[in-house]
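Chain and residue survey
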Amino acid sequence: MKEINKEFLNKALTKLNIYEPGEQLWLQIQDNLNELPLQQATKNLAEYEPDDKIWALIEKEWSVSKSRKAMIWYAAATVLLASFLGLWLLLPAQSPEILISQQEIDSRLQAGKQAATDEQFDTLKTYCETETVVCDRPDFKQLTHEYETLRLASQQLQQAIGNYNTEPDLMRQLSALEQEKADILNKMAKLI
Amino acid sequence: MTSESELIADCLLHDRTAQRLLYDRYKKSMYTLAYRITADFDDANDVLQDSFLEVFRHLDQFRGEATLGAWIKKIVIRKSTKKKRLVIWENIEDHSQESINWGESEINAAHLETAILSLPDGFRTIFVLAEVEGYTHKEIAVMMKISEGTSKSQLFHAKRKLRSMLTSG
Amino acid sequence: MKKIIPYELEVFTVFLTWIIVVTNTPVYSQNMLQVATKSVEKSIGNPAVRTLHISAEKADIELVAWDKPEISVVLELSSKHPDKATAVSDLNKFQYIAERSGKDYFLRNYILLKEGENKPVSNLKARYVIHLPAACAVDVKNTFGTILLKGLNNNLSLKADFCTTTLVDIQGKGMLATRFGDLKGKEISGSFSFASDHTNLRLEQISGAIKMDAVYGNVEIYPSIGLNSLTIQSKKAVITLLAKNWQLFDYNINGAYTTMKLPNGFKWKKNTADFKEAFFDRKQIANVQINTEFGDLTIK
């Protein structure tokens, strides 16, 4: 990529704003820093070992209720399994449901082919290949640049409109753009 | 002025004054960088806070391969792009034959600022890293986990879009 | 012997061919679109969302404040094509993100193509209908669609390309950048910056501190008494300031190559064909500063 007159960009870049955070940001950082030692300390808390007698008590308690608890667990598991199976069979698919409806196509909302303005602009550009006196004027060049900006915007809009457009707002914008392009073309034609 | 090594040594001892000094030394440049990438002051606040906390937590891992500022900047860039959930798709196009003309007169810095902030996130990030922060495409590729070609392509598109926003008078 | 078999075979072959063609040709009317739609509804409660981020394309977005603490989102994705199967297939390529990250919530619609898949050919559209607390900050990006923001009073960030944007009863502060399209605002109060490029802007009942940077496009401003400061930087835009009591503000006007129409009462520092400087100074609290290059400026 070649860059012409890049010094203008570089100069402007040196003049960009510098921003400063508010004072309260340091206070928030400070609060977090104050908590760091506590967070560190909680990671390093001591571990304690229980007495062996406690395990003996737990074991005793466990064996008495083991068989009773086992029965309850088996029953619970069966109920759960049956519920999941039922739900799985009954629930619809997780992704949202797709609904279908119809809408009539309004031919007035469909973008046409290449605008007449673009054809005329291309004709002017061809003219400028041989007649450079007018076409090299700054005001003519400016109009050309502006037309090309609008043309690009128009192309982007047309792409967004696509096929089967149903949005009047987008067509309104396209019409307005075409009108602006026509105005510029008229100005360019007057200069020639 | 305290030297960088003295500052780091005091910060490692959790000296609050030293930490404040380090923060003050870099806060403007890092906040500005965070804001340019996120284009949002609240996000920039969050990024700056997270970044400096990481700096103070992991300062013992700073080995001095680069300057402290460069090390902090990488953290800020990583946090900023994560904040924006930035995803840059690999897209290598050859723009070597194309040119961008920055106009015939000075560019208004305020307009440039607005235009930069109006760029799409991906374009803006690459532009800021390359043109404002001065990273090479190789460095950007490593930071953003993309290819050099994609970095160059993104920069071209960013500049083209910027240029179109900054119509010359 | 009469050869009836070949004739019947011929008829049968034609009939069979017709059946095959008809059953394999997508049957659709070129005047009707099949619209495939999928919707998602979400209610986002505690912890409260600080900023809602919407990154949309080809979407109609409505953000309306309400007095409940939660955010309600209805997101509808639709795909329109004369052929139902195509509409449905393209809808499946149309995806969304709706997720929280800390104090922020992200909404986004995008197109996802699996390997080997073609780009969608249908008309794709997203529609966001969101109700949220007025104090929720909002960051909206959209292209080729519509945006409605109503009743918000916190930080607002807007980036709208080729959109029709409407702001009603908006307070607080914000940065609004538009490219092409239209923006209409009514009852805007606070500290707001507008950067518009080829946009038609109409702002009614605006107050507070307003900054505007307009390149091309039409800008119509109807300030209210509460306007403290209005700074306009314009390049090739058509600026019109309409106020019944325009004398309530002090003015500083600078124009280069601009056509200016100012009411009686302005004093001129410079008034040549190409360069004009005018002011109106009654030592008011509220002031208007306008710098223009090319374009038009009218104050009435």
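Here is what the cut-offs are and how they apply
- Residues numbered from 1 in each chain as written.
- Chains lettered and ligands numbered in written order.
- Predicted model: local features only at pLDDT ≥ 70, side-chain atom pairs only at ≥ 80, totals over all residues.
- Helix = DSSP H or I, 4+ residues; strand = E, 2+ residues; numbered from the N terminus.
- Buried ≥ 20, exposed ≤ 12 C-beta atoms within 10 Å, placed from the backbone.
- Contact = placed C-beta atoms within 7 Å.
- Core = buried A, V, L, I, M, F, W, Y, C linked by C-beta atoms within 7 Å.
- Domains from an automatic or database assignment.
- Nonpolar A, V, L, I, M, F, W, Y, C, P; charged D, E, K, R; others polar.
- Pairing = 2+ DSSP bridges.
- Expected span 1.5 Å × (residues − 1).
- Bend = angle between axes of the 7 residues up to and from the residue.
- Axes fitted to C-alpha atoms, helices over the stretch in contact; angles between N-to-C directions.
- Parallel < 35°, antiparallel > 145°, perpendicular 65-115°, else oblique.
- pLDDT = per-residue confidence, 0-100.

A tally of helices and strands in chain A yields seven helices and two strands. Mapped from its N terminus to its C terminus, chain A presents α and β elements in the order β-α-α-α-β-α-α-α-α. Residue burial in chain A is summarised as follows: out of 192 residues, 12% are buried. Within chain A, residue pairs in contact and separated by at least 24 positions form 75% of the contacts whose partners lie at least 6 positions apart.

Here we come to the nonpolar core. In this structure, Leu157(A), Leu52(C), Ile61(C), Ile71(C), Tyr128(C), Val138(C) and Ile239(C) are the most contacted members of the largest nonpolar core, which totals 88 residues. Residues lining this core come from more than one domain, with at least three contributed by each of domain 1 (28-141) and domain 2 (180-300) of chain C. Non-local contacts of Ile71(C), meaning those with residues more than four positions away in its chain, are made with Ile44(C), Val49(C), Leu52(C), Tyr105(C), Ile130(C), Leu132(C) and Cys136(C). Core analysis: the second largest hydrophobic core is formed by 43 residues, Leu9(A), Ala34(B), Phe123(B) and Leu166(B) among them.

Okay, the interface of chain A and chain C next. At the interface, 21 residues of chain A touch 25 residues of chain C. Taken together, the elements giving at least two residues each to the side of chain A that touches chain C come down to strand S2 (98-104), helix H6 (138-161) and helix H7 (168-191) of chain A. Class assignment of the residues belonging to the side of chain A that touches chain C gives a composition of 10 nonpolar, eight polar and three charged. Summarising the sheet, S2(A) and strand S1 (residues 32-44) of chain C pair through seven bridges and their orientation is antiparallel. By the bridge assignment, Ile100(A) is partnered in S1(C) with Ala36(C).

All names here are of chain B. Over its 16 residues, helix H4 (residues 68-83) runs 23 Å from end to end, which matches the ideal 22 Å to within 8%, given 1.5 Å per residue. In this structure, the buried residues of H4 make contact with helix H2 (16-38), helix H3 (41-57), helix H6 (121-132) and helix H7 (137-144). After H4 finishes, the residue arginine 85 shows a positive phi value of roughly 50°.

So, about H2(B). Residues and elements named next belong to chain B. End to end, H2 covers just 29 Å across 23 residues, shorter than the expected 33 Å (1.5 Å per residue, more than 12% under). The largest bend along H2 reaches roughly 50° and is located at lysine 27. Residues of H2 that are buried include every one of Gln19, Leu22, Tyr23, Met30, Tyr31, Thr32, Leu33, Ala34, Tyr35, Arg36, Ile37 and Thr38, and no others.

What follows is about unusual backbone geometry. Located in the positive-phi region is Tyr164(A), a residue other than glycine, with phi close to 65°. Overall, the presence of 20 C-beta atoms within 10 Å leaves Tyr164(A) in the buried class. For Tyr257(C), which is not glycine, the phi torsion reads 55° and is therefore positive. Mapped onto the elements, Tyr257(C) comes out in the loop between strand S16 (250-256) and strand S17 (259-261). A count of 14 C-beta atoms within 10 Å places Tyr257(C) in the partly exposed class.

With that out of the way, let us pick up the interface of chain B and chain A. Counting residues at the interface gives 33 residues for chain B, matched by 26 residues for chain A. Every element with two or more residues in the side of chain B that touches chain A is listed here: H2, H3, strand S1 (99-101), helix H5 (109-118), H6 and helix H8 (148-165) of chain B. Ranked by residues supplied to the side of chain B that touches chain A, first place goes to H2(B) with eight residues. Relative to S1(B), strand S1 (residues 2-4) of chain A is paired through three bridges, and the arrangement is parallel. Note that in S1(B) the partner of Lys2(A) across the bridge is Ser99(B).

Residues and elements named next belong to chain B. As a packed pair, H7 and H8 sit with axes 8 Å apart at the nearest point and diverge in direction by 105°. When the axis of H7 is compared with that of H8, the two are roughly perpendicular. Along the contact surface, H7 presents His137, Lys138, Ile140 and Ala141, while H8 presents Glu148, Ser151 and Lys152.

On to the confidence of the model for chain C, then. Residue and element names in this part refer to chain C. Chain-level pLDDT for chain C is 88 on average; 90% of the residues reach the 70-or-more range. No element of chain C has a lower mean pLDDT than helix H1 (residues 4-24), at 53, and none a higher one than strand S9 (residues 146-150), at 97. Segment residues 22-27 is flagged for pLDDT under 50; beyond a separation of four residues in sequence, or across chains, it makes two contacts in the model. Here the prediction assigns the complex a pTM of 0.59, and the interface score ipTM is 0.83.

In summary, the side chains of a regular strand alternate between the two faces of the sheet. All names here are of chain C. The alternating pattern of strand S19 (residues 275-280) places Lys276, Ala278 and Phe280 on a buried face, while none of Phe275, Glu277 and Phe279, on the opposite face, is buried. Bridge count for S16 against S19 is six bridges, and the pairing is antiparallel. Residue pairing across strands places alanine 256 opposite phenylalanine 275, the latter belonging to S19. Here strand S18 (residues 267-271) folds back onto S19, and the loop between the two strands holds three residues.

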